[in-house]
Amino acid sequence: MPLRVSFDDFPTLGKKVNGKRLVYLDNAATTLKPKPVLEKMVDFYIGSYSNVHRAVHTLASRATVAYEEARMKVAKFLNADPSEVIFTSGATMGINLVVNSLLRSGILREGDVVLLSQAEHHANLVPWIRLSKFHGFGIAYIEVNEKGVLTEEAILRGKEYKPKIVSVTGHSNVTGQVIPLEFVREVFEDAILVVDGAQLVPHKRLDVKDLGLDFLVFSGHKMLGPTGVGVLYGRKDLLEVMEPFLYGGEMIDKVSFEEVTFNEIPYKFEAGTQNIAGVVGLGYALDYLEALGFDSLEEHVRDLTEYLIEELSKLEFVELYGPLDHSHVSIVSFNVEGIHPHDVAHVLDQEFGVAVRSGHHCAQPLVRALARGTKLSNFPNSTVRASVYLYNTKEDVDVMVEGLKKLKGWFG
Ligand SMILES: Cc1ncc(COP(=O)(O)O)c(C=O)c1O
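What you are looking at is a predicted structure, and each value in this text was computed from that prediction instead of being measured. Along every chain, residues carry numbers that run from 1 in the direction the sequence is written. Note on the predicted model: pLDDT of at least 70 is required for a residue's local features to be given, and 80 or more for side-chain atom pairs to be given and counted; whole-chain, interface and lining totals, by contrast, use all residues. Only hydrogens and water are removed before side-chain values are computed, so all heavy atoms of the structure are retained for them.

S.K.: Summarise the overall build of the chain; cite the residues concerned and give the values.
M.R.: Counting from the N terminus, the helices are the DSSP runs of H or I reaching at least four residues and the strands are the DSSP runs of E reaching at least two. Within the chain, the regular secondary structure consists of 13 helices and 17 strands. Every radius of gyration here is taken over C-alpha atoms, with the globule rule written as 2.2 Å times N^0.38, N being the number of residues. Its C-alpha atoms give the chain a radius of gyration of 22 Å, near enough to 22 Å, the size a compact globule of 412 residues would have. Summary of the burial criterion: residues with accessible area below 20% of their type's maximum are buried, those above 50% are exposed, and those between are partly exposed, where the area comes from a 1.4 Å probe applied to protein chains only. Buried residues in the chain amount to 57% of all 412 residues. Taking the intrachain contacts of the chain between residues at least 6 apart in sequence as the baseline, contacts between residues at least 24 apart amount to 73%. For the chain, the accessible surface area stands at approximately 17,300 Å², while carbon and sulfur atoms represent 52% of it. For the chain, the distance from the average position of its 42 positive side-chain charges to the average position of its 54 negative side-chain charges is 3 Å. Whether two residues touch is decided by their heavy atoms; if any such pair falls within 4.5 Å, the residues are in contact. Here, Shrake-Rupley sampling with a 1.4 Å probe gives the accessible areas, and only protein chains in the shown set may cover a residue. When charges are counted, Lys and Arg contribute as positive and Asp and Glu as negative, whereas His and the chain ends are disregarded. Charge placement uses NZ in Lys and CZ in Arg. For Asp and Glu, CG and CD serve respectively.

S.K.: Would you mind going over the site of the ligand in detail, with residue names and values included?
M.R.: The nearness test applies per residue and asks whether one of its heavy atoms lies within 4 Å of the molecule or strand. Surveying the vicinity of the ligand reveals the residues G90, A91, T92, H121, A123, N173, D196, A198, Q199, S219, H221 and K222. Separating an oxygen atom of the ligand from a side-chain N or O atom of H121 is a distance of 3.4 Å. In this structure, an oxygen atom belonging to the ligand sits 2.7 Å away from a side-chain N or O atom of H221. Contact with the protein chains removes 85% of the 400 Å² of surface that the ligand exposes when unbound. Note that Gly is not counted as nonpolar here; it falls among the polar residues with everything else outside the nonpolar set of Ala, Val, Leu, Ile, Met, Phe, Trp, Tyr, Cys and Pro and the charged set of Asp, Glu, Lys and Arg. Here the shell around the ligand is composed, by residue class, of 3 nonpolar, 7 polar and 2 charged. Any pair of nitrogen or oxygen atoms within 3.5 Å is treated as a polar contact; in protein, a donor-acceptor pairing is required on top of that, and neighbouring residues in sequence qualify only through side-chain atoms on both sides.

S.K.: Tell me about unusual backbone geometry, and please be specific about residues and values.
M.R.: Here the amide bond leading from I265 into P266 is cis, since omega sits at 5 degrees, within 30 degrees of zero. Within the secondary structure layout, P266 lies in the loop between β12 (260-262) and α9 (276-292). Positive phi is not limited to glycine here, since N79 has a value of about 60 degrees. Take N79: it is sitting in the loop between α2 (58-78) and β4 (85-88). Within the chain, K162 stands out as a residue other than glycine whose phi angle is a positive 50 degrees. Summarising the element assignment, K162 is placed in the loop between α5 (152-157) and β7 (165-169). Look at K162 and you get exposed, because its relative accessible area is 70%.

S.K.: Could you give me a rundown of the domain arrangement of the chain, with the residues and numbers involved?
M.R.: The domain limits used here are those given by an automatic or database domain assignment. When cut into domains, the chain gives domain 1 (7-30 + 293-411) and domain 2 (37-291). The C-alpha-based centres of domain 1 and domain 2 are spaced at 28 Å. Between domain 1 and domain 2, the contact holds 37 residues from the first and 35 residues from the second. In total, domain 1 and domain 2 occlude about 3,000 Å² of area from one another, counting both sides; carbon and sulfur atoms represent 57% of this. The quantity reported as buried area is the accessible area (1.4 Å probe) lost by two parts once they are put together, taken as the sum for both.

S.K.: Let's hear about the sheet that holds β7: which residues, and what values?
M.R.: Sheet architecture is open: 7 strands sit in the order β4-β10-β9-β8-β7-β5-β6, paired in mixed fashion. Across the chains shown, the open sheet's two edge strands, defined by having one partner strand only, are β4 and β6 (138-142). Strand-to-strand twist in this sheet, taken as the mean axis angle between neighbours without regard to direction, amounts to 20 degrees. Here β4 runs beside strand β10 (residues 230-234); their pairing, made up of 4 bridges, is antiparallel. Bridge pairing in β10 places I86 opposite L232. To obtain each axis, a line is fitted to C-alpha atoms, and for helices this fit is confined to the stretch in contact; angles are then taken between N-to-C directions over 0 to 180 degrees. The strands touched by α2 within the sheet are β4, β9 (215-219) and β10, with β4 carrying the most contacts at an inclination of about 120 degrees. Each of β4, β7, β8 (192-196), β9 and β10 touches helix α3 (residues 91-104); the most contacted strand, β9, lies at about 150 degrees to it. DSSP-based pairing: two strands are paired if at least 2 bridges between them are found.

S.K.: Residues and numbers for the environment of S132, please.
M.R.: Its location among the elements puts S132 in helix α4 (residues 126-135). It is 32 Å that separates the C-alpha atoms of S132 and H203, two residues lying 71 residues apart in sequence.

S.K.: Can you tell me about the packing of helix α1 (residues 35-47) against α9, naming the residues and giving the values?
M.R.: α9 packs onto α1 with a crossing angle of 145 degrees between their chain directions and a minimal axis gap of 9 Å. Crossing handedness for the pair α1 and α9: right-handed. Listed contacts from α9 to P36, V37, K40, M41, F44 and Y45 of α1 are I276, A277, V280, G281, Y284, A285, D287 and Y288. Classifying every residue of the contact of α1 with α9 gives 11 nonpolar, 1 polar and 2 charged. Two helices crossing with the near one rotated counterclockwise from the far one by less than a right angle form a left-handed crossing, whereas a clockwise rotation gives a right-handed crossing.

S.K.: Quick one: what's the story with the pairing of β10, residue by residue and with numbers?
M.R.: With 5 of its 5 residues buried, β10 lies for the most part within the structure. Every second residue of β10 is oriented toward a common face, with G230, L232 and G234 on one face and V231 and Y233 on the other, all of them buried. Note: β9 against β10, 5 bridges, orientation antiparallel. Paired with F215 across the bridge in β10 is G234.

Listed below in structure tokens is the structure:
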């Protein structure tokens, strides 16, 4: 079924930027927010807002019901148990929670090997790298090829490290490659599998049980929800034995001056006052996406990505990265020969109203690895990144491509 988006729901798209119609192609950084989601959040703040799980008054119980309803929506969306859904501030916090809690509970120990990929966002690199320095576990990498792609052969080669934990992105925020998670699970059948779903979950309904994921993290703001809220899915039996990451109110059962016992999962991982309206808003965003239909959304984004790649491939002065095949979804990174990505992004914005990202995209090692396959005279260690979502159209792609042709002419 074709995707039926009401553009009235996204008034930002009707705004002019530098006197031009806004063409928003920076969805991998964050998505726009639908007006109905924002309106429902305002209603929640006005009619049902209080702290959750604490007081017995009516507003508090309304807020608690709304908060726990959001948890149930997420659980249903992932095919998880609600006790396996932990609200975080985003994907970054989710990964930090996993690494720290695995260490504190002795599941990850000195001498163990954690296998990452070279295609990771810093959020799935830095916590492992830094904590390996203090705790003595090893890190190995699945290598990318010269286009920044993780091939099945490279994934298979990772087996030789005998990793205890495999932590990989589900969808690269630089190359747009969707990683074959079924294959990863098959290859590392005994490892604890952590998936960074920050880019994948906004585009695809995942069944965590079917895929055999042990942990999955994602952020609400990349899927129409508010900022400052995200989800960590964790396998129940692991969460039950894991030491919490943050300590404080609400995550406890009994506290004396000497000892503490913890609340049950998921609450033992939700210390302190949570981003209550953020969680509720994420639930509304999920309702919005479900109503549009994930299958239609996926098809729309795939068609648009194909068109984007096709049109960019016609420009002989553009170098493209990533797989450029059916596994390439929503995110397209490229460079323009002789023009720095920041200049490209600046001119696209100022002259054509096109918002794209430029830089290393919080994936410095991956972007540097692209230098191996470049034909550019001077690889800038960064790229321009265009990323599409449900409200983008082929006209948006055309505006950017025409802009690129003109700017190449201007820069000579
Ligand atoms: C693949 C990937 N992982 C993790 C993150 C971190 O997400 P957040 O900043 O919302 O925690 C991002 C954000 O761009 C991302 O693209």
